[in-house]
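Working through the structure, step by step
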Amino acid sequence: MMLWIGGFTLRLIWTGGFGWFVQQRMRYPLLAAAVVLLAFGLYEAYRSSIDEARNPSARRWSVAPGVGWLLIAPFLILLSVAPTGLGAAAADRVEAFTPTESNEDFTAIEPSTGPVEMRVFEFLDRAIWDEEQSLEGLVVRLEGLVVNDPSVRDGFKLTRFLVSCCAADGIPLQVTVRGTPAFADDTWVIADVVWKPPAVPYRELEGRWVVEADAIEVQTVEDAPKDAYESPW
Amino acid sequence: MSNAPDSAVAAEAAVVHHGDHTHRRPRWALGPWALLIPLFAAILLRNRVDFLQNEEFRLWSTLFVSVVIQALPFLVLGVVISGAIAAYVSPDLVRRLVPRRTALAIPSAGLAGLALPGCECGSVPIAGRLVGAGMPSAAALTFLLAAPAINPVVLVATAVAFPGNGQLVFARFAASLLTAIVVGSWWARRGGESLLDSLRSEEWSSHNRWSRLVDVASRDLVHAGGYLVVGAMAAATLQLVVPRSIISTVAESELLSVLMFAALAVVLSICSEADAFVAVGLPQFSLTSRLVFLVVGPVIDLKLVAMHIGVFGRRFALRFAPVTLVVAIISAVVIGQVLL
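Residues numbered from 1 in each chain as written. Chains lettered and ligands numbered in written order. Predicted model: local features only at pLDDT ≥ 70, side-chain atom pairs only at ≥ 80, totals over all residues. Heavy atoms only, no water.

What follows concerns the overall build of chain A. For chain A, the count of helices and strands is 5 helices and 6 strands. Along chain A, helices (α) and strands (β) appear in the sequence α-α-α-α-β-α-β-β-β-β-β when read from the amino end. Looking at chain A residue by residue over its 233 residues, the buried ones come to 52%. A separation of at least 24 residues holds for 70% of the contacts in chain A among residues at least 6 apart in sequence. For chain A, the computed accessible surface area is about 10,700 Å², with 53% contributed by carbon and sulfur atoms. (Helix = DSSP H or I, 4+ residues; strand = E, 2+ residues; numbered from the N terminus. Buried < 20%, exposed > 50% of the residue type's maximum accessible area, 1.4 Å probe, protein only. Contact = heavy atoms within 4.5 Å. Areas by Shrake-Rupley, 256 points an atom, 1.4 Å probe, with all protein chains shown as cover.)

Glancing now at the nonpolar core. Ranked by size, the top nonpolar core spans 151 residues in total, and within it Leu86(A), Phe64(B), Phe293(B) and Phe312(B) carry the most contacts. Per element, the largest residue contribution to this core is 17 residues, and it comes from helix 4 (residues 55–88) of chain B. Counting 32 residues, the second-largest nonpolar core is a separate cluster that includes Val120(A), Leu124(A), Ala191(A) and Trp209(A). (Core = buried A, V, L, I, M, F, W, Y, C linked by side-chain atoms within 4.5 Å.)

To continue, consider the confidence of the model for chain A. Keep in mind that low pLDDT regions are not for reading the predicted coordinates in detail. Confidence along chain A averages 83 in pLDDT terms, with 91% of residues attaining 70 or more. Between residues 58–63 of chain A, whose pLDDT stays under 50, and residues either more than four places distant or in other chains, the model counts 16 contacts. (pLDDT = per-residue confidence, 0-100.)

Here we take up the pairing of strand 5 (residues 188–196) of chain A. Residue and element names in this part refer to chain A. Here strand 5 lies mainly inside the structure; 7 of its 9 residues are buried. Of the strand pairs in this sheet, strand 5 and strand 6 (residues 212–220) are connected by 8 bridges, and their pairing is antiparallel. Across the sheet, the residue bridging to Val194 is Asp214, located in strand 6. (Pairing = 2+ DSSP bridges.)

This part is about the side chain of Arg178(A). All names here are of chain A. Within the element layout of this structure, Arg178 appears in strand 4 (residues 171–178). For Arg178, the side chain forms a polar contact with the side chain of Asp154, separated by 3.0 Å. Once residues lying within four places of it in the same chain are set aside, the contact partners of Arg178 are Ser151, Val152, Asp154, Gly155, Lys196, Glu212, Ala213, Asp214 and Ala215. (Polar contact = N/O pair within 3.5 Å; in protein donor to acceptor, adjacent residues only side chain to side chain.)

Our focus in this paragraph is a nonpolar patch on the surface. All names here are of chain A. A surface patch of nonpolar side chains, about 370 Å² in accessible area, is lined by Leu10, Tyr28, Leu31 and Val35. Sorting elements by how many residues they give to the nonpolar patch places helix 2 (residues 27–54) first, with 3 residues. As for its position among the elements, Leu31 is in helix 2. Residue classification places Leu31 among the partly exposed positions, given a relative accessible area of 33%. (Patch = residues over 30% accessible without salt bridge, like charges linked within 9 Å, V, L, I, M, F, W, Y side chains within 5 Å. Salt bridge = Lys/Arg side-chain N within 4 Å of Asp/Glu carboxyl O.)

Residues and elements named next belong to chain B. In this fold, Leu130 is placed in helix 7 (residues 120–132). A residue is classified by how much of its surface remains accessible, and Leu130, at 13% relative accessible area, is buried. Along the primary structure Leu130 and Leu199 are separated by 69 residues, whereas in three dimensions their C-alpha atoms are 9.2 Å apart. Sequence-distant contacts of Leu130, that is, excluding residues within four places in its chain, are made with Ile85, Met135, Ala140 and Phe143.

With that settled, consider the side chain of Arg172(B). All names here are of chain B. Mapping Arg172 onto the fold places it in helix 10 (residues 166–190). Looking at Arg172, its side chain comes within polar contact range of the side chain of Asp275, at 3.0 Å. Contact partners of Arg172, with chain neighbours within four places excluded, come to Ala149, Val154, Thr158, Ser272, Asp275, Ala276, Leu291, Leu294 and Pro298.

All names here are of chain B. A grouping of Arg189, Arg190, Arg315 and Arg319 is seen on the molecular surface, where their side chains present a positively charged patch. When contributions to the positive patch are tallied by element, the ones reaching two or more residues are helix 10 and helix 16 (314–339). Among the structural elements, Arg190 can be located in helix 10. (Lys, Arg positive; Asp, Glu negative; His and termini not counted. Charge placed at Lys NZ, Arg CZ, Asp CG, Glu CD.)

Here we take up the packing of helix 11 (residues 209–241) of chain B against helix 15 (residues 302–312) of chain B. Residues and elements named next belong to chain B. Interaxial distance between helix 11 and helix 15 falls to 7 Å at its minimum, and their mutual angle equals 150°. On the basis of the axis angle, helix 11 is roughly antiparallel to helix 15. The way helix 11 lies across helix 15 gives a crossing that is right-handed. Between helix 11 and helix 15, the residues in contact are His223, Ala224, Tyr227, Leu228, Gly231, Ala232, Ala234, Ala235 and Leu238 and Leu302, Lys303, Ala306, Met307, Ile309, Gly310 and Val311, respectively. Of the residues belonging to the contact of helix 11 with helix 15, the class tally is 12 nonpolar, 3 polar and 1 charged. (Axes fitted to C-alpha atoms, helices over the stretch in contact; angles between N-to-C directions. Parallel < 35°, antiparallel > 145°, perpendicular 65-115°, else oblique. Left-handed = near helix turned anticlockwise from the far one by under 90°. Nonpolar A, V, L, I, M, F, W, Y, C, P; charged D, E, K, R; others polar.)

For the rest of this paragraph, the subject is the pairing of strand 4 of chain A. Residue and element names in this part refer to chain A. Summarising burial for strand 4: 8 of the 8 residues are buried, a large majority. With burial as the criterion, each face of strand 4 is covered, one bearing Ile171, Leu173, Val175 and Val177 and the other bearing Pro172, Gln174, Thr176 and Arg178. In this sheet, strand 4 lies alongside strand 3 (residues 155–162) in antiparallel orientation, the contact comprising 8 bridges. In the sheet register, Thr159 faces strand 4, and the bridge partner there is Gln174. Looking at chain direction, strand 4 and strand 6 are connected through 3 bridges and run parallel. Each residue of the ladder has a partner; that of Arg178, found in strand 6, is Asp214.

What follows deals with the packing of aromatic side chains. Under the definition given, this model contains 14 aromatic pairs over all chains. Note on Tyr43(A) and Trp210(B): the rings are 5.9 Å apart at their centroids and 65° apart in plane angle, and the pair reads as edge-to-face. Here Trp210(B) lies in helix 11 and Tyr43(A) lies in helix 2, a pairing that spans two chains. With 5.9 Å between their ring centres and 85° between their planes, Phe156(A) and Phe183(A) make a pair best called edge-to-face. Of this pair, Phe156(A) sits in strand 3 while Phe183(A) sits in the loop between strand 4 and strand 5, and the two are 27 residues apart along the sequence. (Phe/Tyr/Trp six-rings, centres within 6.5 Å; stacked < 30°, edge-to-face > 60°.)

The next point concerns the confidence of the model for chain B. For chain B, per-residue confidence averages 79 on the pLDDT scale, and 78% of positions sit at 70 or higher. The secondary structure element of chain B with the lowest average pLDDT is helix 1 (residues 3–21) of chain B, at 40, and the one with the highest is helix 16 of chain B, at 93.

What follows covers a negative patch on the surface. There is a patch of like negative charges on the surface, built from Asp92(A), Asp185(A), Asp186(A) and Glu55(B). Examined against the element boundaries, Glu55(B) turns out to sit in helix 4.

As a further point, take the pattern of salt bridges. Under the defined criterion, the tally for this structure stands at 12 salt bridges over all chains. With a closest N to O distance of 3.0 Å, Arg178(A) and Asp154(A) form a salt bridge. Separated by 24 residues along the polypeptide, Arg178(A) in strand 4 and Asp154(A) in the loop between strand 2 (139–147) and strand 3 bring together distant segments of the chain. Where Asp301(B) meets Lys303(B), a salt bridge forms, and the shortest distance between an N and an O atom there is 3.6 Å. The same class applies to Asp301(B) and to Lys303(B), which are both buried. What you see here is one network of salt bridges that share partners, running through Asp154(A), Arg178(A), Lys196(A) and Glu212(A).

Dropping the structure here:
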C-alpha cells in the first residue's frame with residue numbers, strides 16, 4: 001500500500017500533474033512524502049520477507065485494514081477520470097474575486113516595447129486600486145482560460161483561479177475581455193488587452209466590481225501553463 | 001456518486017473474502033498485487049464510460065483528489081511523528097514531561113500546538129499516539145485542537161491574507177487557543193476517558209525501535225488516510241451540492257452569518273493554511289463572522305470528523321464534534337466582540 005501510494009505520488013510529481021490540484025510550491029513536501037512512503041514500504045516488505053524465511057506460517061502485516069483501502073481511490077480516479085484542473089464549470093459555481101483591500105503600493109511598470117506580461121490578480125488590483133492609473137493605455141498580456149457568459153456577447157471572461165492551498169479553495173479571478181472572436185469554454189489563451197476604465201469609479205459601485213478590457217490580440221495556447229493557478233502568497 | 005471508489009471497495013471485499021478462504025497462503029501476498037485489478041479496471045474504463053467524463057463528476061474528482069493530495073504530506077509528517085512517539089516516548093517520559101495538574105497540563109498542551117507546523121490532518125494521528133503513550137487524554141485533545149490553528153505557518157498565512165489587520169491574527173490565535181483549552185477542560189471533567197481505552201492497549205517496549213516506528217507510522221497512515229479519503233469525498237460532494245455562491249444571497253443578520261460561516265467551515269474542509277484566503281474573499285460579512293470561519297475550520301470539519309471516527313472511534317466523535325463546534329463558535333464570537 002505504502003509503495004503504491006508513494007509510487008503514484010512520485011509519478012504525479014514527475015508528470016507535473018500535481019499542478020492541477022495543488023500549488024507548485026507543494027512539489028517538495030509531496031516529494032518528501034513520496035520518498036518516506038517508498039522507504040517505509042520497502043522496509044516493511046523487506047522485513048516481512050525475512051519473517052517469512054524464518055517462520056513461513058507467521059501472520060504477516062496486513063496490507064490495508066478495512067477503510068485503508070480507500071487510500072487508493074484518488075489514484076484510481078486519476079487513472080480513470082483523469083480530471084484536469086478547475087475550469088468554466090468551477091467558475092460558474094463561485095463568485096469571482098476582486099481585490100477588496102490593497103496595500104496600494106504599486107511599483108512602476110517598466111517601459112517595454114511589447115505588451116507587458118501581468119498576472120490577472122495584479123491587473124485587477126491595479127485597475128481598482130492604483131491611484132496613478134498605471135494601466136491606462138497600456139497593452140497588457142494576460143494568460144488564462146476562456147469562460148463564456150451570456151452577458152458578454154462580444155468576448156469572454158478571461159479567468160484564472162486563485163488557489164492558496166488546493167484546488168478545493170480555488171476562487172476565480174476574471175477580466176471581461178471584449179472585442180474577440182468566440183472561443184470554446186476552457187480554452188487557454190494569451191490575450192493582449194487594454195484596460196477599459198469604468199464609466200463610474202469602481203468604489204462607488206455597490207456589489208461586484210467587473211473589470212473590463214478591450215482585446216488587441218488573442219491567441220490560443222495548446223497547453224495550460226505549468227503554474228495553472230495564481231497564488232496569493 | 002462515484003464508480004471508482006465503489007469498485008475499490010468491491011475489490012477489497014472480494015480479496016478479503018478470497019483471503020479468508022485460502023488459509024495456507026499468507027494474506028499479504030495477495031494484498032499488493034490485488035490492487036492491480038482495480039487499477040487495470042480504472043484504465044480500461046477510461047474513455048469508455050460516459051459518466052466518467054461528465055462535467056460535474058470531473059469537477060468532483062478534481063476537488064476530491066486535490067484535498068487528498070494537499071493533505072498527504074501533512075499526513076505523512078503526522079504519522080512519522082506518531083510513529084516516533086510510539087517508538088521513543090515511554091509512558092515514564094510522558095509522566096515526567098506533562099505537568100501533573102490538569103489545570104497546568106491543558107494550557108501547556110495548547111501552547112505546544114505552536115510547535116507543529118502543518119494542517120489539521122497530521123495532528124489527528126499524533127494526538128492518538130500521545131494518548132497511547134500515556135498522556136492524559138484531555139491534554140492530548142487540547143493539543144489536537146490547538147496545533148492546526150495556532151502554528152506559525154497558519155498565523156503567517158492569516159497575516160498575509162489580511163494585510164494590516166494584526167488584530168484579526170491575534171484574535172484567531174486567542175479564540176483558537178481558548179477553544180482548545182475549554183474543550184480540553186470539559187473533557188477532563190466529564191469526558192469519557194474509557195472511550196479512549198483502546199488507544200492505550202498496547203504494551204510499550206524499548207526494543208527494536210526503528211521497526212516499531214515504521215510499523216506504527218504505516219498503520220496510522222493507512223488507517224487515518226482511509227478516513228481522510230472518506231472525509232474528502234464528503235467534502236467534495238457537499239461543495240458541489242451546496243454551491244458557494246449561496247453565500248452572497250444569505251440575509252444580513254449577524255447571527256445568521258455567524259451560523260452560516262460555521263457551517264461553511266465544516267462543509268468546505270479547507271486546510272487551516274488556506275482558509276484565511278477564502279475568508280478575505282468575502283468582504284461583505286463582518287470580521288467576527290469570518291473569524292468564526294477561521295476558528296471552526298481547523299478544529300472541526302467533515303474530513304476531521306471522519307478521521308476522528310477512524311482514530312478515536314465513533315462514540316468519541318459523536319460526543320466530541322458537537323461540543324467542539326459549539327465551543328469554537330462561542331469563543332470566536334466572544335473574542336471577536338472584544339478584539340475586533
